[in-house]
Amino acid sequence: MGLWLPSVVLLLCSAGFLALSSAAPANTSASFSFEENFDIMFAEDHFRTSPDGQIWYLYLDKKTGCGFQTRQRYRFGWFSMKLKLVGGDSAGVVTAYYMCSDLDAAPDRDELDFEFLGNRTGQPYTIQTNVYKSGIGGREMRHTLWFDPTQDFHTYSILWNTHRIVFFVDRVAIRVFKNNGKPNNFFPSGKPMYMFSSIWNADDWATRGGLEKTDWKKAPFVSSYKDFHADGCQWKDPFPACVSTTGEHWWDQYEAWSLTDGQQEDLSWVGRNLVIYDYCKDTERYPKLPEECLL
């Protein structure tokens, strides 16, 4: 993989704290309690919290998984949560953290996905990101990570404005989906979205294309969550004023429209070392590449 690590990772290792980029000021996000801001989507008996209520656990067994969602919808902003993924043999298990415009996977939904694909013991986790617009997806990228996501909590974030969508891991940009310069007709921007997280069995596709099946003797599988933050435009019908490009919010200002030099350096390192699938390079699947691949 090479010896060079992203600048943010080096700061983490040498300084013992998270270096925050200008694209995500540390003091601009509001933390949310679970009881006030989330609802259980299904299988409430598979949801637990720590005694102080600060850590949330979703359980998966052979009967069912579990999930939760925000009560609010947002259109544009910065959204992050700390996750610790299922440890050990998690083949077939998918933990998801995502934004979606609908509560029931409607056929015309917009969606921004982090999906964490389980593994056999000793094999690296895979992160899959995806973008949907009007119910159409197929914009997957897959990455490995530079750390073991089952040993501790790590921060996974989405920056969404009219110019770009950026997926971050511990403030390292791992993917940028652009809408500046030449317009991107596949860019989801018109629908407000809820935040979701869930755990479920997907052993028909998640690990080695479905070759590795879930070992239910290892159940229950548990994913852990804490510190959800949102700094975004909370939707209010018919149309909230904050959706307009006013520049009043940091995520809507010029500095948030593109990566800093340091972020671009980190993204380039990720691209060279951690990307294991990019739909824009899959010419067998897409003999004619989607138009946004050319942006």
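Computed from a predicted model, the values in this text were never measured in an experiment.

**Structural notes on the overall build of the protein chain**
- For the protein chain, the helix and strand inventory stands at 3 helices and 16 strands.
- Contacts spanning at least 24 positions in sequence make up 68% of the contacts within the protein chain whose residues lie at least 6 apart.
- Accessible surface computed for the protein chain: about 13,500 Å², of which carbon and sulfur atoms make up 50%.

**Structural notes on helix H3 (residues 261-273)**
- Counted at 1.5 Å a residue, the expected span for H3 with its 13 residues is 18 Å, and the 18 Å between its end C-alpha atoms agrees.
- Taken residue by residue, H3 has Gln263, Asp266, Leu267, Trp269 and Val270 as its buried positions. Buried residues along H3 cover an arc of 160 degrees about the axis, so they all sit on one side. Facing away from the buried side of H3 by more than 90 degrees, the exposed set consists of Asp261 and Arg272.

**Overview of the sheet that holds strand S2 (residues 38-42)**
- Ordered by their spatial adjacency, 8 strands build an open sheet running S2-S5-S14-S7-S8-S9-S10-S16, and the pairing between neighbours is antiparallel. Each edge of the sheet is formed by a strand with only one pairing partner; in this case those strands are S2 and strand S16 (275-278). Taken over all neighbouring pairs, the strand axes of this sheet differ in orientation by 15 degrees on average, direction set aside.
- Taken together, the 7 bridges between strand S8 (residues 111-117) and strand S9 (residues 126-132) define a ladder with antiparallel strand orientation. Along S9, the bridge assignment pairs Glu115 with Gln128.

**Quick look at the pairing of strand S15 (residues 221-234)**
- For strand S4 (residues 56-60) and S15, the ladder comprises 5 bridges, and the chain directions are antiparallel. Bridging from a neighbouring strand, Leu60 pairs with Phe221 of S15.
- As defined by bridge partners, strand S6 (residues 74-84) adjoins S15 across 8 bridges and the pair is classed as antiparallel. For Trp78, the partnering residue across the bridge sits in S15 and is Asp231.

**What to know about the pattern of salt bridges**
- Summed over the entire model, instances satisfying the criterion amount to 11 salt bridges.
- Note that Arg285 and Glu140 form a salt bridge whose closest N and O atoms lie 2.8 Å from each other. Of this pair, Arg285 sits in the segment after S16 while Glu140 sits in the loop between S9 and strand S10 (141-143), and the two are 145 residues apart along the sequence.
- Through salt bridges with shared partners, a single ionic network connects Asp89, Arg120, Arg208 and Glu212.

**Considering the packing of aromatic side chains**
- Throughout the structure, instances matching the rule amount to 23 aromatic pairs.
- Ring centres of Phe38 and Phe68 lie 5.4 Å apart, and the angle between their planes is 90 degrees; on these two criteria the pair is classed as edge-to-face. Residue Phe38 is found in strand S2, and its partner Phe68 is found in strand S5 (residues 66-70); the two are separated by 30 residues along the sequence.
- Taking the relative accessible area as the measure of exposure, Phe38 reaches 3% and is therefore buried.

**Here we look at the confidence of the model for the protein chain**
- Per-residue confidence for the protein chain gives a mean pLDDT of 87; residues scoring 70 or more make up 88%.
- This model gives residues 10-23 a pLDDT under 50, and the stretch forms 20 contacts once residues within four places in sequence are excluded.
- Between residues 25-29, whose pLDDT stays under 50, and residues either more than four places distant or in other chains, the model counts 8 contacts.

**Some details on the environment of Ala91**
- Considering the arrangement of structural elements, one finds Ala91 in the loop between S6 and strand S7 (93-100).
- Relative accessible area serves as the criterion here: at 0%, Ala91 is assigned to the buried category.
- A sequence separation of 116 residues divides Ala91 from Thr207, and the C-alpha atoms of the two residues are 5.8 Å apart.
- In contact with Ala91, not counting residues within four places along its chain, are Gly118, Asn119, Arg120, Thr207, Glu212, Lys213 and Thr214.

**A closer look at the side chain of Asp215**
- Relative to the assigned elements, Asp215 resides in the loop between strand S14 (194-201) and S15.
- In this structure Asp215 comes out as buried when scored by relative accessible area, which is 17%.
- When residues no more than four places from it in sequence are discounted, the contact partners of Asp215 are Asp89, Arg120 and Phe221.

**Some details on the pairing of S5**
- In terms of burial, S5 is a largely internal element, 5 of the 5 residues being buried.
- Side chains Cys66, Phe68 and Thr70 project from S5 onto one buried face, and the interleaved Gly67 and Gln69 project onto a second face that is buried too.
- In terms of strand pairing, S2 meets S5 through 4 bridges, oriented antiparallel. Looking at the pairing, Ile40 lines up with Phe68 of S5.
- The pairing of S5 with S14 spans 4 bridges and is classified as antiparallel. When the sheet's bridge partners are listed, Phe68 is paired in S14 with Ser197.

Conventions and cut-offs
Residues numbered from 1 in each chain as written. Predicted model: local features only at pLDDT ≥ 70, side-chain atom pairs only at ≥ 80, totals over all residues. Heavy atoms only, no water. Helix = DSSP H or I, 4+ residues; strand = E, 2+ residues; numbered from the N terminus. Contact = heavy atoms within 4.5 Å. Areas by Shrake-Rupley, 256 points an atom, 1.4 Å probe, with all protein chains shown as cover. Expected span 1.5 Å × (residues − 1). Buried < 20%, exposed > 50% of the residue type's maximum accessible area, 1.4 Å probe, protein only. Arc of directions from axis to C-beta. Pairing = 2+ DSSP bridges. Axes fitted to C-alpha atoms, helices over the stretch in contact; angles between N-to-C directions. Salt bridge = Lys/Arg side-chain N within 4 Å of Asp/Glu carboxyl O. Phe/Tyr/Trp six-rings, centres within 6.5 Å; stacked < 30°, edge-to-face > 60°. pLDDT = per-residue confidence, 0-100.

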